[in-house]
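Chain residues, written in single-letter form:
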Amino acid sequence: MKMRGVSANCTGWDEKAEYLNALIDSINELFFSYDSNLRITLMNKRCYDYLGYVPDEMTGRSILELFPGKYQFQVLENLVSSFLEDKTGHYKTAIKRKDGSLLPVSLRNTPIRKNNMVVGGLLVCEDVTEKVKIKQEMARLAQLYKVGEIAACIGHEIRNPMTTVQGFLQMLSQNEDLSKYQSYFQLMLDELERANGIINEFLSLAGNKKVSFRRANLNHIINSLHPLLQADAAIDDKQVCFVPGDIDDLLLNEQEIRQLILNLVRNGLEAMSPGGKVTITTEQLEDRVRMSIRDEGPGIDPSIMDKIGTPFFTTKEKGTGLGLAVCFSIIARHQATVDIQTDPQGTTFHIDFKLPDSSPEKTAPVN
Ligand SMILES: Nc1ncnc2c1ncn2[C@@H]1O[C@H](COP(=O)(O)OP(=O)(O)OP(=O)(O)O)[C@@H](O)[C@H]1O
Ligand SMILES: [Mg+2]
């Protein structure tokens, strides 16, 4: 009987080979063995599950074919030095799936010895997709936190002189001798107000900001905002629809949730041509409430997907690139999660809020 990878020719060996194959297949990691010519001799079931190859398809092929071109040299160097020095190598790399996409892995490479000679090796690869995501998320949060700290300092420094200028302008604007300049005063005051608004938005990035949460219903908040959103959309011949679901109350900071909805709807509207529609829906899921904001724009280009939400990243001529950064920090403070689905027919932001426990209200200092 010939078993995949482990062969045997008598009953005792059959059982042993079967046992060994079952053992290898039950390993959670991707497991490959190769001979001294770097030809694959065995892959466990995980490899086929994760990489999409059919069993035995890769047997006899070079192990290097599993890696994308830019990583092949690094892998070869490690395999050779593990052969020569007879030691285990451990590093991060990526494996190519059959469909060409990449699976980030943490790889361990161990030589196989027979009669004191290295005759091949083992590769054990752990899928680190989740770890990479968490690392990116942590880096983004750290960046937000840094921006938040800078924001708090700069915000205060700029606001003080601005308040002085605003006060004097208001005083002068009431002076009758200067009444012919009234329209200029108003313009200056409006511009200062606008600058103040930008600083406020910037300040709301502060990661260590304290926010209080109250029991509230998302549908009420969206309903109260809807006329404003619809009026804004109608200017460019667009629409904002709201389809409320039957949902439980949540612990929310109303002001922040308004800001979140406003920023996401505004992005949706800005992405669409006239005639387009942004749809807000709410729905009750088993252990959470989902709010989705869907637009009919051209979608987010995959090449910028990693960058969106990074403070100051914008593709718009007049954008500040703070809208999504503010949204993500509000989502984090609410311990909610966001999932972005995008294709050339439109983009949907799904935000999932956890249902509150029995305590009615809380004030949370959140990092
Ligand atoms: N719904 C969407 N459809 C397509 N692209 C989007 C969408 N939402 C965000 N983007 C992309 O993400 C970028 C960042 O968005 P973000 O809201 O952070 O900043 P902005 O809209 O450019 O500026 P502002 O600070 O005025 O919001 C946008 O410039 C745009 O390229
Ligand atoms: Mg925006």
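The rules we used
Residues numbered from 1 in each chain as written. Chains lettered and ligands numbered in written order. Predicted model: local features only at pLDDT ≥ 70, side-chain atom pairs only at ≥ 80, totals over all residues. Heavy atoms only, no water. Near = heavy atom within 4 Å. Polar contact = N/O pair within 3.5 Å; in protein donor to acceptor, adjacent residues only side chain to side chain. Areas by Shrake-Rupley, 256 points an atom, 1.4 Å probe, with all protein chains shown as cover. Helix = DSSP H or I, 4+ residues; strand = E, 2+ residues; numbered from the N terminus. Nonpolar A, V, L, I, M, F, W, Y, C, P; charged D, E, K, R; others polar. Salt bridge = Lys/Arg side-chain N within 4 Å of Asp/Glu carboxyl O. Buried < 20%, exposed > 50% of the residue type's maximum accessible area, 1.4 Å probe, protein only. Disulfide = S-S within 2.5 Å. Domains from an automatic or database assignment. Patch = residues over 30% accessible without salt bridge, like charges linked within 9 Å, V, L, I, M, F, W, Y side chains within 5 Å. Phe/Tyr/Trp six-rings, centres within 6.5 Å; stacked < 30°, edge-to-face > 60°. Core = buried A, V, L, I, M, F, W, Y, C linked by side-chain atoms within 4.5 Å. Contact = heavy atoms within 4.5 Å. Pairing = 2+ DSSP bridges. Axes fitted to C-alpha atoms, helices over the stretch in contact; angles between N-to-C directions.

Asks: Before we go on, may I ask you to explain the site of ligand 1 in this structure?
Replies: Around ligand 1, a shell composed of 19 residues is seen, among which Asn267, Thr314, Thr315, Lys316 and Thr320 lie nearest. For ligand 1, an oxygen atom lies 2.8 Å from a polar atom in the side chain of Asn267. For ligand 1, whose accessible area on its own is 590 Å², the fraction buried by protein is 90%. Looking at the shell around ligand 1, the elements that each hand over two or more residues are helix 7 (254-271) and helix 8 (323-333). Broken down by element, the residue count for the shell around ligand 1 peaks at 3 residues, all from helix 7. Here the shell around ligand 1 is built from residues that sort into 7 nonpolar, 9 polar and 3 charged.

Asks: Would you mind showing me how to read the pattern of salt bridges here?
Replies: Two side chains with opposite charge may pair up if their charged atoms get near one another. Taken as a whole and judged by the stated rule, the model has 13 salt bridges. Notably, a salt bridge pairs Arg290 with Asp352, separated by 2.8 Å at the nearest N-O pair. Linking Arg290 in strand 10 (residues 288-294) with Asp352 in strand 12 (residues 346-354), this pair joins segments that are 62 residues apart in sequence. The exposure class assigned to Arg290 is buried, which follows from its relative accessible area of 18%. On the accessibility criterion, Asp352 (9% relative accessible area) is buried. One network of salt bridges, with partners in common, ties together Asp287, Arg288, Arg290 and Asp352.

Asks: Help me out: how do you make sense of the state of the cysteines in this one?
Replies: As used here, a disulfide is simply a covalent bond connecting the sulfur atoms of two cysteines. Summed over the entire model, instances satisfying the criterion amount to 0 disulfides. For Cys47, which is in no disulfide, the shortest distance to another cysteine sulfur is to Cys125 and amounts to 7.3 Å. In this structure Cys47 comes out as buried when scored by relative accessible area, which is 0%.

Asks: So what exactly am I meant to see when it comes to the domain arrangement of the chain here?
Replies: How big an interface is tends to be reported as the loss of accessible area on association of its parts. Its domain assignment divides the chain into domain 1 (11-127), domain 2 (130-207) and domain 3 (209-367). Spacing between the C-alpha centres of domain 1 and domain 3 amounts to 44 Å.

Asks: For this particular structure, what's the right way to read a nonpolar patch on the surface?
Replies: A contiguous nonpolar patch, built from Tyr19, Leu20 and Leu23 and spanning about 290 Å² of accessible area, is present on the exposed surface. Note that Leu20 resides in helix 1 (residues 11-25). For Leu20, a relative accessible area of 33% puts it in the partly exposed group.

Asks: I'm lost on the packing of aromatic side chains in this one. Help?
Replies: Two aromatic rings are characterised by how far apart their centres lie and by the angle between their planes. Evaluation of the coordinates by the stated rule reveals 2 aromatic pairs. Measuring from ring centre to ring centre gives 6.2 Å for Tyr181 and Tyr184, while their planes differ by 25 degrees; the resulting arrangement is stacked. Here Tyr181 falls in the partly exposed class, since its relative accessible area comes to 35%.

Asks: Please explain the nonpolar core as it appears in this structure.
Replies: Grouped burial of nonpolar side chains is what soluble globular proteins tend to show. Counting 37 residues, the largest nonpolar core has Leu218, Leu260, Ile261, Val265, Ile280, Met291 and Phe353 as its most contacted members. Contributions of two or more residues to this core are made by helix 6 (218-234), strand 7 (239-243), strand 8 (250-252), helix 7, strand 9 (277-284), strand 10, helix 8 and strand 12. Leaving out residues up to four positions away in the same chain, Ile261 has contacts with Ile221, Ile222, Leu225, Leu229, Ile280, Met291 and Ile293. Counting 25 residues, the second largest nonpolar core, distinct from the first, contains Leu30, Tyr34, Leu107 and Leu123.

Asks: Sorry, what's going on with helix 8 here?
Replies: Counting buried residues in helix 8 gives 9 out of 11 residues, a clear majority hidden from the surface. Listed in full, the buried residues belonging to helix 8 are Leu324, Ala325, Val326, Cys327, Phe328, Ser329, Ile330, Ile331 and Arg333. With its phi angle positive at about 50 degrees, Gln335 sits one or two positions after the end of helix 8.

Asks: Is there a simple way to explain the side chain of Thr347 in this structure?
Replies: Here Thr347 lies in strand 12. A distance of 2.9 Å separates the side chain of Thr347 from the side chain of Thr342, its partner in a polar contact. Setting aside its immediate chain neighbours within four residues, Thr347 contacts Ile293, Arg294, Asp295, Gly299, Ile300, Ile340, Gln341 and Thr342.

Asks: Whenever I open this one, the sheet that holds strand 5 (residues 117-127) confuses me. Can you help?
Replies: Whenever strands of a sheet pair, they do so through backbone hydrogen bonds, lying parallel or antiparallel. Ordered by their spatial adjacency, 5 strands build an open sheet running 2-1-5-4-3, and the pairing between neighbours is antiparallel. Strands with a single pairing partner mark the edges of an open sheet, and in this sheet they are strand 2 (40-43) and strand 3 (89-96). Averaged over neighbouring strand pairs, the angle between their axes works out to 30 degrees when direction is ignored. Pairing geometry for strand 4 (residues 102-114) and strand 5, over 10 bridges, is antiparallel. Residue Thr110 lies in a different strand from strand 5, and its bridge partner there is Leu122. Packed onto the sheet, helix 3 (residues 69-85) meets strand 1 (30-35), strand 3, strand 4 and strand 5 and runs at close to 140 degrees relative to strand 3.

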